[in-house]
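Residue-level structural notes
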Amino acid sequence: VEVLPGRIAEAQSTKIDGVSGATITSNAIRGAVDDCIRQAGADPLALVPLAVKKSAETKSLTTDVVIVGGGGAGMSATIRTRMNGLDAVLVEKMPFIGGAASISGGQVVAQGSKLQKAFGSTDDSVDSMVKDFLANGNNLNDLSKLTLYAKNVGSTIDWLHEKVGVKFVPNDLPFLAEYSHRRALEFEGGSGTMAQHLRDVIAANGAHVLYNTKVESLIVEDGKVMGVNAVDTTSGTKYTIRAKKTLLSTGGNNKSMLSPEMQKVLYYGPVSSTGDGLRMAQALGVKTQLLQYGKRYPNGIEVAPGIAKSTIYANVGAFDQSGILVNVDGVR
């Protein structure tokens, strides 16, 4: 809504690309403008897009921290960086920030948090969470990273709730079969409301956010990453962003990097997750692991080749009424 009308006016035509990840709404906006053009007595098909000249401008930025990717991790890191009194530049290749977090199921693990205890689950532990996740991961998890996660997720949730202002559904710890304790919280208003709140905080805290800007490479000097090179895909402006610290918080999906078996699995995430950060890191010889594995969901419908949408909430509604799942052959 904020981006496409300006592009249509600039091109003097509706025959332009829509916004990535927003195909349905892009089509709706272009269709509405076409209808207005017809009402004005013109033929929208006769309007050939003007060749919009892109700027070849080059800009250099310097910051304390540059954060690549504006999903849940990138937004949280941006907020935390600014709270710590440091300058932050957040670079996002989409015209909005939110990533997979903004279209997630709206639940988050909260083991060890104050809210988990306040809502009645008081006997959970780091060891119990690690045990559950190992069982769910067929004991293939990276134990050191999993333990780090289990030890810190509770305080992270407390920070989001108390310092950032993210709200959770009161007194609600839904039962999830993969956990031996009730340790999941639900965002009040769902993931979309949570993501919008983080956007509002970032807009007010002085962070510099570059939208429609894709990081193309890391700046490496004397074996150290010193920032990123990026380009604004709308204006053509090229950025050299030098930073004391560089954080890659990009999405991880890129089927070409997966095993042949995993390449056949339906994908449930945003179109923006294309493995850019992984590729840039691998170019520096960084170690990757467990790319041959992934999580498969039984609750979904293929809506485009290889792309699925979750039906988990409808399924949960059936479970609550003692329903069961069957496949197309009627087999449970």
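A short tour of the structure in this document, coming up. A quick note: this is a predicted structure, and the numbers were derived from the prediction, not measured. (Residues numbered from 1 in each chain as written. Predicted model: local features only at pLDDT ≥ 70, side-chain atom pairs only at ≥ 80, totals over all residues. Heavy atoms only, no water.)

Turning our eyes to something else, we now look at a nonpolar patch on the surface. Together, Ile312, Tyr313, Val316, Phe319 and Leu325 give the surface a local cluster of nonpolar side chains, amounting to about 410 Å² of exposed area. Note that Tyr313 resides in helix 9 (residues 312–320). (Patch = residues over 30% accessible without salt bridge, like charges linked within 9 Å, V, L, I, M, F, W, Y side chains within 5 Å. Areas by Shrake-Rupley, 256 points an atom, 1.4 Å probe, with all protein chains shown as cover. Salt bridge = Lys/Arg side-chain N within 4 Å of Asp/Glu carboxyl O. Helix = DSSP H or I, 4+ residues; strand = E, 2+ residues; numbered from the N terminus.)

Turning next to the pairing of strand 7 (residues 224–232). Pairing between strand 6 (residues 213–221) and strand 7: 8 bridges, direction antiparallel. By the bridge assignment, Val220 is partnered in strand 7 with Val225. Between strand 6 and strand 7, which pair antiparallel in sequence order, lie 2 residues; one of them, Asp222, sits at a positive phi of approximately 55°. Both strand 7 and strand 8 (residues 238–248) contribute to a ladder of 5 bridges, which runs antiparallel. Looking at the pairing, Ala230 lines up with Tyr239 of strand 8. In this antiparallel pair of consecutive strands, strand 7 and strand 8, the connection spans 5 residues, and Gly236 shows a positive phi of 85°. (Pairing = 2+ DSSP bridges.)

Time to look at the side chain of Asp172. Within the secondary structure, Asp172 is located in the loop between helix 6 (143–164) and strand 4 (184–186). Although Asp172 lies buried, it forms no salt bridge, and the closest oppositely charged side chain, Arg182, sits 6.8 Å away as judged by the N-O distance. Once you skip the residues sitting within four places of it in the chain, Asp172 turns out to touch Phe119, Ala184, Leu185 and Glu186. (Buried < 20%, exposed > 50% of the residue type's maximum accessible area, 1.4 Å probe, protein only. Lys, Arg positive; Asp, Glu negative; His and termini not counted. Contact = heavy atoms within 4.5 Å.)

It is worth spelling out helix 7 (residues 190–204) at this point. Each turn of an α-helix holds 3.6 residues, which means side chains three or four residues apart point in the same direction. Here helix 7 is 15 residues long and its end C-alpha atoms lie 22 Å apart, about the 21 Å a rise of 1.5 Å per residue gives. Within helix 7, burial applies to Ser191, Met194, Ala195, Leu198, Val201 and Ile202. Taken end-on, helix 7 shows its buried residues confined to a sector of 120°, consistent with a single buried face. Turned more than 90 degrees away from the buried face of helix 7 sit Ala203 and Ala204, all of them exposed. One or two residues past the end of helix 7 sits Gly206, with phi positive at roughly 90°. (Expected span 1.5 Å × (residues − 1). Arc of directions from axis to C-beta.)

Turning to the side chain of Thr81, a few remarks are in order. Along the polypeptide, Thr81 turns up in helix 3 (residues 72–83). For Thr81, the contacting residues outside a window of four places in its chain are Val65, Ile67, Leu86, Asp87 and Ala88.

One open sheet holds the 6 strands; their spatial order is 5-2-1-8-7-6, and the pairing between them is mixed. One side of each edge strand has no neighbouring strand; the edge strands of this open sheet are strand 5 (208–210) and strand 6. If you compare each strand with its neighbour and ignore which way they point, the axes differ by 35° on average. Two strands pair when backbone bridges link them, and strand 1 (residues 58–68) and strand 2 (residues 88–91) are joined in this way by 4 bridges, in the parallel orientation. (Axes fitted to C-alpha atoms, helices over the stretch in contact; angles between N-to-C directions.)

This part covers the environment of Met94. The residue Met94 is located in the loop between strand 2 and strand 3 (107–109) in this model. Residues Met94 and Gly69, 25 residues apart in the sequence, show an inter-C-alpha distance of 9.1 Å.

The contact between helix 3 and helix 6 brings their axes to 12 Å, and the two run at 60°. When the interaxial angle is binned, helix 3 and helix 6 end up oblique. Helix-helix and strand crossings are classified by hand; for helix 3 and helix 6 the assignment is left-handed. Within the contact between the two elements, helix 3 uses Ser76, Ile79, Arg80 and Met83 and helix 6 uses Trp159, Leu160, Lys163 and Val164. (Parallel < 35°, antiparallel > 145°, perpendicular 65-115°, else oblique. Left-handed = near helix turned anticlockwise from the far one by under 90°.)

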